[in-house]
Structures are given as C-alpha cells and as structure tokens.
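# Coordinate analysis (summary)
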Amino acid sequence: MDGFFANIDWTEIGSASIDTLLMLGGSLLFSVILGLPLGVLLFLTGRGQLLAQRGVNITLSFLVNVLRSLPFIILLIVMIPLTLLIVGTSLGVAGAIPPLVAGAAPFFARLVETALRGVDRGVIEASQAMGATTRQIVLGVLLPEARPGILAGITVTGVALVGYTAMAGVVGAGGLGDLAMRFGYQRFQTDVMIVTVVLLLVLVQVLQSIGDWLVARASRR
Amino acid sequence: MIHFQNIHKTYRVDGHDVVALHPLDLRIETGEVFGIIGRSGAGKSTLLRLINGLERPSGGSVFIDGVDIAALDSAALRKQRRRIGMIFQHFNLLASKTVAQNVAFPLRLAGDADRAAITKRVGELLELVDLGAYANHTPAQLSGGQKQRVGIARALACAPSILLCDEATSALDPETTASVLRLIGEIHRELGLTVVLITHEMDVIRRICDRVAVLDAGRLVETGKVADVFLHPRHATTQRFVQEYEHEERVDPSGSGVPSARRVRVTLRGESVHAPVLARIARETQVDFGLLGGRIDRIKDTAYAQLTLALSGGDVDAALRGLREAGAEVEEIR
C-alpha cells in the first residue's frame, strides 16, 4: 500500500477538493441565478406564449446558442478580459467562476425552458381566466408546476459543471481536475490520477443522489 | 346580460385566414343557464372565451352588463375576469398545490383578502362542493368528478356573477356527469348566477339549460328555449344532435305496417303527459293508434312525451283535432 500511494500528498488533495467544491458551488449558484430568469424569458417570449416577442426570442436564443456552441476550453481563454473586469483576477477559484457560469447558465436556461414547456397549457389558461398577471403566472403557476423539471435541470447542470471545473485548471484555478492533469497525467503518477478520479466520481454520485431525492420529493403528488 | 353584437373571429394559420365565427348576434339573459352546442371546430369554444377575453374578437363587441369586454385594456380585463368563473374539460388544477390551495389561488391572486378570510372562504367553498374532507389532498389523489368539484369551488371563490363551463363534463362518465350537472344546477339556483356552458352532447343541454344556441361551422343556426329546440329541431344540425341523443332514427322509414295510415308526431308537455288522452280519442273517433316510436322523459324540470303514431281507420282528422284540443303539438310526417 505504501508503495502505491507514495506520491500522494493528502493535504494537496484536500485543498484541491475544497477548490473544486468552491468552484462548483459558486458557479452553480450563479448559473441558477442567471439561467433561471433567462430560461423563463426564453419560454415566455416564445411563439404563442404569454409575452410572445419574436425578435427578443430569436436574439436570446442566438446568444444562448453561441455560448453553448463554444467549447468550454475556448470560452475559458476568450473570457479572460471580462473575468478580470468582473472579479479582478483571471486566476484561481474566483477567476474560474465567470467562465464556468458563462458556459453553464445558457445550458441551464435551456433546461428551464424545456421544463416550463412541459407545464399544461390549460393550467396557464385557467390562471389567466382567474385574472392573474403574467408575473403571478410565472411565480405562482409556472415555476411551482415545473419544479421537478427545474430541480432535475439544476442536478444535470451541477454534474456538467464538475466536468468543466476539471478544465478550469488551464487558468490556474486549481481543483481536483487540475491535480489529475499536472501530477497524474504529466508526471505519470497513476495513484494521484486514481484518487482524484475516484473523488470526482463520488462528487458526481452525491450530486446526482441529492438531485434525484429533491426531484422525487417535489413530484410527490 | 351578455350581449354579443355582430361579433366575428378569424384566425391566421400558415398564411391563410380561417374563419372561426361568422358575424353573429346573441343575447344571454342574467340568471339563465345558457347552452351552446356544436361539433368540435364549430366555434363554441371561441364564443365562450370571448366572454372573459381569453379570445379577442376580430370585430364586433361583447357587452356584459353594458361593458364592452373587447374594448378593455389588460388591467381592466383582469379585474373583469375575477367576476367570471370558469371550469374546464380537463379541470386544469395546479398539480403542485393541494385542493385547499387550488381553491385559495384566485383569492390570493385578487389580493384583497387576508389569510384568515381566505381560509374561512375556502372551507365554505369545499363544503359547498362536498369536499370538506379533501382539503389537504392533491389533485392526483382525486377522481375526475372530485377534480371537477374542486374546479367548481375554485371558479366560485371570488363570488362571480357568471360561470363559464367549457365541456365541463366531457371527460367524465355518465354517472359523474349527472352529479356534476346536478351540482351546477344547485349552485345556479342558490347563487343565482348566469351559467354559460358549451358541449357537444344534447343530454347536457336537456338536463340543465333554459335556452340553447346551436353552432355549425362558425354560424349560429338555431336559438331558442331548450324544450322548443329539443322537441322541434328545425336545422339539420340540431336534428342530428337530437337523434344522437335518442340513439334512434326519429321515424322508422319503412312505414307504419298499415299502408294507408297517416303518420304523426305527437308531443305532450308538462301535466298533459300523464293524462289519458290517447285512449279517449281512440274510443271517440274509432281511430287505431299504431306506435312507431316514442320517448317519455324530462327537459330540465318539465316532463314530456313525444310519440310517433300511425293513425288508421275511423275519423283521423277528428282524432288530430282532438289531440290538439288536449294540448298536444301534432306534426304530420310524410
């Protein structure tokens, strides 16, 4: 055993794990904060919906598609000036969060849009017939009715972000992915590679389980 | 009173204009139960939704007690909608909320009642629809009939003066349909509101409506009291609806059995249904009565009998006169 885990510096693994969790938590939080309203807007401005606005819808949709089609690794580099402007550094955990959010928020917005499309039109019509404003329909009907789908979307986005954080090592963000890259791959330290991959796997499993549990709880009717 | 004035509606579908409603005029009196019957695509759903502004007309006006719904801005329209309850074929309850929360929803939207007042009102409404024990259930735990009762409680929450029913019983089995229609009838009597319902079933019209309008391909083809329209349908569409309800051809085309017989349809309404009219007239005029078809039933609260008879021998003209004198409506069929 000693021989196999010889290369492992557990302090380093610990701090890398914390970095990953910070990146994940921060970027997921901001992805939801930005992606949720964006998804609602995408839905509402769509054809035949409450605020049908063809121009706005096409513009938003195009913006989302551009951000989603850029490979994350490119986004990471392209975003550097903007990241500097927002968080004052393009390095470390803080420097990784803006590009992570830019990559994940549009993805999450699409998931929100899809979840909202699943809400029965009749329920929206009934709310209109009761004299609800658009705001009341969004907050009182659409979001509560689509809650299971939105929670599932947050889970999927979180899992995708775990993958993205591994790439954020490119801008010196640290984290488990970075550790796997520098030690495991570049220095051929297979034990470091295995430990980091197992930790990432556990992280994904935990995220998915929590997500599934929340979805199940929200859909219990 | 609801007054449609020269109202029409055209949709634009894939670059083509599709007429949903040709220009029509219609008055629905305050406090009556008014039925609109038509096939799918006849325009009845559009007509119903013009009343609460879910559809805007392409032209014309919809007056409710003198206010033109079609001319209201969206804030005024929302306010107006709170005075108009609506129930739906598929109930359209919020799956994420409990029965009590669903009924409370329109009250919360209106925003002018505090929590205690809402709780009290919801309790009353659930008692009214006989679901007091189901306040904390979710819609998924209820049967179709129970869901529609929740829909009715929700529609009545803001004490509307008009109740719109959009195929409210079409998704329900016959027994549940009867009980939901009974409930709507009771509510109509107790609260005195105006009920407008759309349906494709003559039976629904027969059970609770005072007056009926028949729509066919966007045109109003017949309007009148239910008893008149039901017993003497004039337009071909109306006749088909009545036939469908009766599950039979109104007249057996193969004749009467007696070649020389004259065929007549005799309609009796109200008290005269049970009077021994036919036997007396047969005795007096020596006419033989052959029965070709018939039905004894009720239209809302009024009993009626409609019999198709073959009259032969004796003095047939005197028999027809006698029937008319006894209060029957007599139509000769050729």
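Preceding this section is the structure that the text describes.
Description of the structure in this document. This is a predicted model, so every value here is computed, not measured.

Moving on to unusual backbone geometry. Outside of glycine, negative phi angles account for most residues, and trans bonds account for most peptide bonds. All names here are of chain B. One non-glycine residue with positive phi stands out, namely N92, at about 55°. Structurally, N92 is set in the loop between β6 (84-88) and α3 (99-110). Here N92 falls in the buried class, since 23 other C-beta atoms lie within 10 Å of it. Of note, the phi angle at E167 is positive, near 50°, even though the residue is not glycine. By secondary structure assignment, the location of E167 is in the loop between β7 (162-166) and α6 (174-191).

Attention now moves to the nonpolar core. Ranked by size, the top nonpolar core spans 147 residues in total, and within it B:V103 and B:A153 carry the most contacts. Per-element tally for this core: the top contributor is helix α5 (residues 92-117) of chain A, with 13 residues. The contacts of B:V103, once residues within four sequence positions are left out, are B:V122, B:L125, B:L126, B:V150, B:A153, B:R154 and B:A157.

A word on the packing of helix α5 (residues 144-156) of chain B against α6(B). Residue and element names in this part refer to chain B. Orientation of α5 relative to α6, taken along the N-to-C sense of each, is 20°, at an axis distance of 10 Å. Considered as vectors, α5 and α6 are oriented roughly parallel to each other. For the crossing formed where α5 meets α6, the hand is right-handed. Two secondary-structure elements touch here, α5 through G144, G145, Q148, R149, I152 and L156 and α6 through T176, S179, V180, L183 and I187.

Let's shift gears to the interface of chain B and chain A. The interface is formed by 18 residues belonging to chain B together with 17 residues belonging to chain A. Looking at the side of chain B that touches chain A, its residues break down into 9 nonpolar, 5 polar and 4 charged.

This part covers the pairing of strand β9 (residues 211-216) of chain B. Residues and elements named next belong to chain B. Counting buried positions along β9 yields 5 of 6 residues, so the element is predominantly enclosed. Here strand β3 (residues 33-37) runs beside β9; their pairing, made up of 4 bridges, is parallel. Bridging from a neighbouring strand, I37 pairs with V214 of β9. Hairpin remark: β9 followed by strand β10 (residues 219-225), antiparallel, with 2 residues in the connecting loop; positive phi at A217, about 45°.

Residues and elements named next belong to chain B. With 14 residues, helix α4 (residues 115-128) extends 20 Å from end C-alpha to end C-alpha; this agrees with the ideal 20 Å at 1.5 Å per step. Where α4 is concerned, the buried positions are V122, L125 and L126. The buried residues of α4 occupy an angular sector of 95° when projected down its axis, which confines them to one face. Exposed residues pointing more than 90 degrees away from the buried face of α4 are listed as A116, A117, K120 and E127.

Turning to the pairing of strand β2 (residues 16-28) of chain B, a few remarks are in order. Along any regular strand the residues' side chains alternate between the sheet's two faces. Residue and element names in this part refer to chain B. Pairing of strand β1 (residues 2-13) with β2, which is carried by 9 bridges, proceeds in the antiparallel orientation. When the sheet's bridge partners are listed, I2 is paired in β2 with I28. Taken together, β1 and the strand that follows it, β2, pair antiparallel across an intervening segment of 2 residues, in which D14 is found at a positive phi of about 50°.

Residues and elements named next belong to chain B. Strand order in the open sheet made by the 4 strands is β2-β1-β4-β5, with antiparallel pairing throughout. If you trace the sheet from one side to the other, it starts and ends with β2 and β5 (67-68), each paired once. Where strand β4 (residues 59-64) lies against β5, 2 bridges are found, and the strand directions are antiparallel. Bridge pairing in β5 places F63 opposite D68.

What follows concerns the packing of helix α4 (residues 80-87) of chain A against α5(A). Residues and elements named next belong to chain A. The contact between α4 and α5 brings their axes to 9 Å, and the two run at 120°. As for how α4 packs across α5, the hand of that crossing is right-handed. Contacts between α4 and α5 involve L82, T83, I86 and V87 on the former and, on the latter, A94, G95, I97, P98 and P99. Its residues placed into classes, the contact of α4 with α5 shows 7 nonpolar, 2 polar and no charged.

What counts as what
Every chain begins its residue count from 1, and numbering advances along the sequence as written. Chains carry letters from A onward and ligands carry numbers from 1 onward, assigned in written order. Where totals are concerned, whole chains, interfaces and linings use all residues; where local detail is concerned, this predicted model gives features only for residues with pLDDT of at least 70, and gives and counts side-chain atom pairs only at 80 or more. Secondary structure elements follow DSSP: runs of H or I of four or more residues count as helices, runs of E of two or more count as strands, with numbering from the N terminus. Residues with at least 20 other C-beta atoms within 10 Å of their own are called buried, those with 12 or fewer are called exposed, and the rest are partly exposed. The C-beta atoms themselves are positioned from the backbone. For this entry, the nonpolar core is defined as buried Ala, Val, Leu, Ile, Met, Phe, Trp, Tyr and Cys residues connected by C-beta atoms within 7 Å. With C-beta atoms placed from the backbone, a contact is any residue pair whose C-beta atoms sit within 7 Å. Every axis corresponds to a line fitted to the C-alpha atoms, with the helix fit spanning only the stretch in contact, and the corresponding angles, defined between N-to-C directions, vary from 0 to 180 degrees. Oblique is the label for every angle not falling under 35 degrees (roughly parallel), over 145 degrees (roughly antiparallel), or within 65 to 115 degrees (roughly perpendicular). Working rule for handedness: look at the near helix, and if it is turned counterclockwise from the far one by less than a right angle, call the crossing left-handed; if clockwise, right-handed. In this classification, the charged set is Asp, Glu, Lys and Arg, the nonpolar set is Ala, Val, Leu, Ile, Met, Phe, Trp, Tyr, Cys and Pro, and all remaining amino acids, among them Gly, are polar. When DSSP finds at least two bridges between two strands, those strands are taken to pair. A helix is expected to reach a length of 1.5 Å times the quantity of its residues less one. Starting at the helix axis, one direction is taken to each C-beta atom, and the arc is that of these directions.

Everything listed is a geometric property; what it means functionally is a separate question.
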